[in-house]
Amino acid sequence: MLRFVLSAALGLATAFPALANDGTRQISGALTYKARIALPPGAEVTVEAKGLFDTVLDRAQFATEGKQVPFDFALTVPKGIGGQINAIIRSEGSGGWLVQDVSFAAGTDNADLGPLWMEQMTPLAFATRFDCGGKAVSFGVLDDRATLRIDGQDHAMTQKVSASGARYVGGPDDQIEFWSKGDTAMMTVSGEDYPECTPFDDNAAPYRARGNEPGWHVDIGKDEVEVVAQYGEVTKRAPRPEVAIEAGGYVFDMPQIATRLRIEDGLCHDDMSGMPYPQRAVLTLEGAEYRGCAGEARDLLTGTAWHIEDVMGGGVIDGAEVTIGFDAEGRTFGRAACNRFSGGYDLTGEGISFGPMAATKMACPPALMDLETKVFEALSQVWRFDFDETGALLLIGGPEGEALLTARR
């Protein structure tokens, strides 16, 4: 039921095929944490680089041999491929330490990520998300400790004896019960029984590449690839092949339907709408070559929060905290110089828009309050987004189509 962050534990991902020495580069860094807690003898480290399609680009595993953080690492990945670093330090009988999804960009040069700050593992580090009749909850177990998150609040749960499945009780006065049975669960809160809880399928949507003139798209599902071309007049399907890495790109070769799809890391703009996407695509179909974009535009926004460095051309006040973040469910959040805010954003095939923002009501000096007002005014006028040559996020809008907010990771 529980999903482990490192494919080393699952054994599910496929490592990339060996490349020539001149086709690789090194991604290095140091694993560390701030707490003054010594690692026990026998602790082990696993660090890996992962690319698209859960491809393990490289992995290192080693014993700490009584040493303490920081632990230097260097992984070898193909040139032209970006990805994420995940790492875990574990020892039998202790919770351990974890760092996830530290991005490195595609490129040809070696990259030093510097210190990667790890956090102590908690049950929710490996939680499974459930849908209980429209109520989203997360449940995780680590070293016999269980936690259930409901409406943003974490509840310690204790396992109880049951005839079948695993039954956990906790919360205020033990009024919460969570009973997992295989891939599903039942939940009761203060005497109210919820509908059957089923896991969210985070991988339900296929990975899509698409292009124009003539219109085409390729959907890469879990088991099948569907190719639609010539504005829907041509449709082909094939079993999903193993992904290969060739000269800095991911390749799906399907000779049985005379199709080859190559995906490359790098910002791509739809040649009709201008919408940015995280990858480029080249479809070869029956000898003809078509170019387009791939991935989801949302992935360019989600992840680490953005620090806003310019508001409507006036910069920001030194020391002011102005941030914005995006999640995969269409929610946005941050701090607008004075107060924290949250709301929703709508992403279409042509742009982005923001709904009304809810904010805390703390009072601040007039200059910060004026800056906050400008942040909300700017958000209300945004209708598309893009990136400049330095990688800064541009939230663009207003009657002149100018960058109203400029932000950086």
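This write-up is about the structure you can find in this document.

Cut-offs applied
Residues numbered from 1 in each chain as written. Predicted model: local features only at pLDDT ≥ 70, side-chain atom pairs only at ≥ 80, totals over all residues. Heavy atoms only, no water. Disulfide = S-S within 2.5 Å. Helix = DSSP H or I, 4+ residues; strand = E, 2+ residues; numbered from the N terminus. Buried < 20%, exposed > 50% of the residue type's maximum accessible area, 1.4 Å probe, protein only. Salt bridge = Lys/Arg side-chain N within 4 Å of Asp/Glu carboxyl O. 1 Å grid on protein atoms, 1.4 Å probe; cavity = no way out; pocket = protein on both sides within 12 Å on 5 of 7 lines; lining within 4 Å. Points joined across faces, edges and corners; volume = space filled by probe spheres on them. Nonpolar A, V, L, I, M, F, W, Y, C, P; charged D, E, K, R; others polar. Pairing = 2+ DSSP bridges. Axes fitted to C-alpha atoms, helices over the stretch in contact; angles between N-to-C directions.

**Concerning the state of the cysteines**
So, point 1. Counted according to the given criterion, the structure contains three disulfides.
So, point 2. A sulfur-sulfur separation of 2.0 Å characterises the disulfide bridge that pairs Cys268 with Cys293. Because the torsion about its S-S bond is -75°, the bridge between Cys268 and Cys293 counts as left-handed. Taken together, the residues Cys268 in strand 24 (residues 259-269) and Cys293 in strand 26 (residues 288-294) connect sequence positions 25 residues apart. Side by side, Cys268 and Cys293 carry an identical accessibility label, which is buried.
So, point 3. Disulfide pairing places Cys338 opposite Cys364 at an S-S distance of 1.9 Å. Taking the sign of the S-S torsion, 80° for the link of Cys338 and Cys364, the bridge is right-handed. Note that Cys338 is positioned in the loop between strand 29 (331-336) and strand 30 (340-347) and Cys364 in the loop between strand 32 (358-359) and helix 2 (366-381), a separation of 26 residues in sequence.
So, point 4. Each disulfide of the protein joins two cysteines, and with those cysteines numbered along the sequence the arrangement is 1-2, 3-4, 5-6.

**A word on the pattern of salt bridges**
So, point 1. Evaluated as defined, the whole model comprises 18 salt bridges.
So, point 2. Notably, a salt bridge pairs Asp154 with Arg149, separated by 2.6 Å at the nearest N-O pair.
So, point 3. Residue class for Arg149 comes out partly exposed when judged on its relative accessible area of 35%.
So, point 4. Where Glu264 meets Arg262, a salt bridge forms, and the shortest distance between an N and an O atom there is 2.7 Å.
So, point 5. On the basis of relative accessible area, Glu264 is assigned to the partly exposed category, the value being 23%.
So, point 6. Relative accessible area serves as the criterion here: at 16%, Arg262 is assigned to the buried category.
So, point 7. Among the charged side chains, a network of salt bridges with common partners joins Arg262, Glu264 and Arg280.

**A word on empty space enclosed by the protein**
So, point 1. Taken as a whole, this structure holds one cavity of 30 Å³ or more when the rule is applied.
So, point 2. Roughly 40 Å³ of internal volume is contained in the largest cavity.
So, point 3. Lining the largest cavity are Ser273, Gly274, Met275, Pro276, Glu350, Arg384 and Phe385.
So, point 4. Looking at the lining of the largest cavity residue by residue, the classes come out as three nonpolar, two polar and two charged.

**Considerations on the sheet that holds strand 25 (residues 276-285)**
So, point 1. Sheet architecture is open: nine strands sit in the order 21-20-19-18-26-25-24-23-22, paired in antiparallel fashion. The strands lining the two open edges of the sheet, one partner per strand, are strand 21 (234-239) and strand 22 (244-246). The mean angle between the axes of side-by-side strands here comes to 25°, regardless of whether they run parallel or antiparallel.
So, point 2. As paired elements, strand 22 and strand 23 (residues 249-254) share three bridges and run antiparallel to each other. Each residue of the ladder has a partner; that of Ile245, found in strand 23, is Tyr250.

**Observations concerning the pairing of strand 29**
So, point 1. Relative to strand 29, strand 28 (residues 322-326) runs antiparallel, the two being bridged by five bridges. Across the sheet, the residue bridging to Gly325 is Phe333, located in strand 29.
So, point 2. Where strand 29 lies against strand 30, five bridges are found, and the strand directions are antiparallel. Looking at the pairing, Gly334 lines up with Phe341 of strand 30.
So, point 3. Where strand 29 folds back onto strand 30 in an antiparallel hairpin, the turn is made up of three residues, including Ala337, whose phi is positive at roughly 75°.

**Digging into the sheet that holds strand 4 (residues 71-78)**
So, point 1. Strands sit in the order 4-1-7 across an open sheet of three strands; the sheet is mixed. What marks the edges here is a single partner per strand, and that holds for strand 4 and strand 7 (111-117). Strand-to-strand, the axes of this sheet are offset by a mean angle of 25°, without reference to chain direction.
So, point 2. Pairing of strand 1 (residues 24-32) with strand 4, which is carried by eight bridges, proceeds in the antiparallel orientation. The residue bridging Ser28 from the neighbouring strand is Ala74, located in strand 4.

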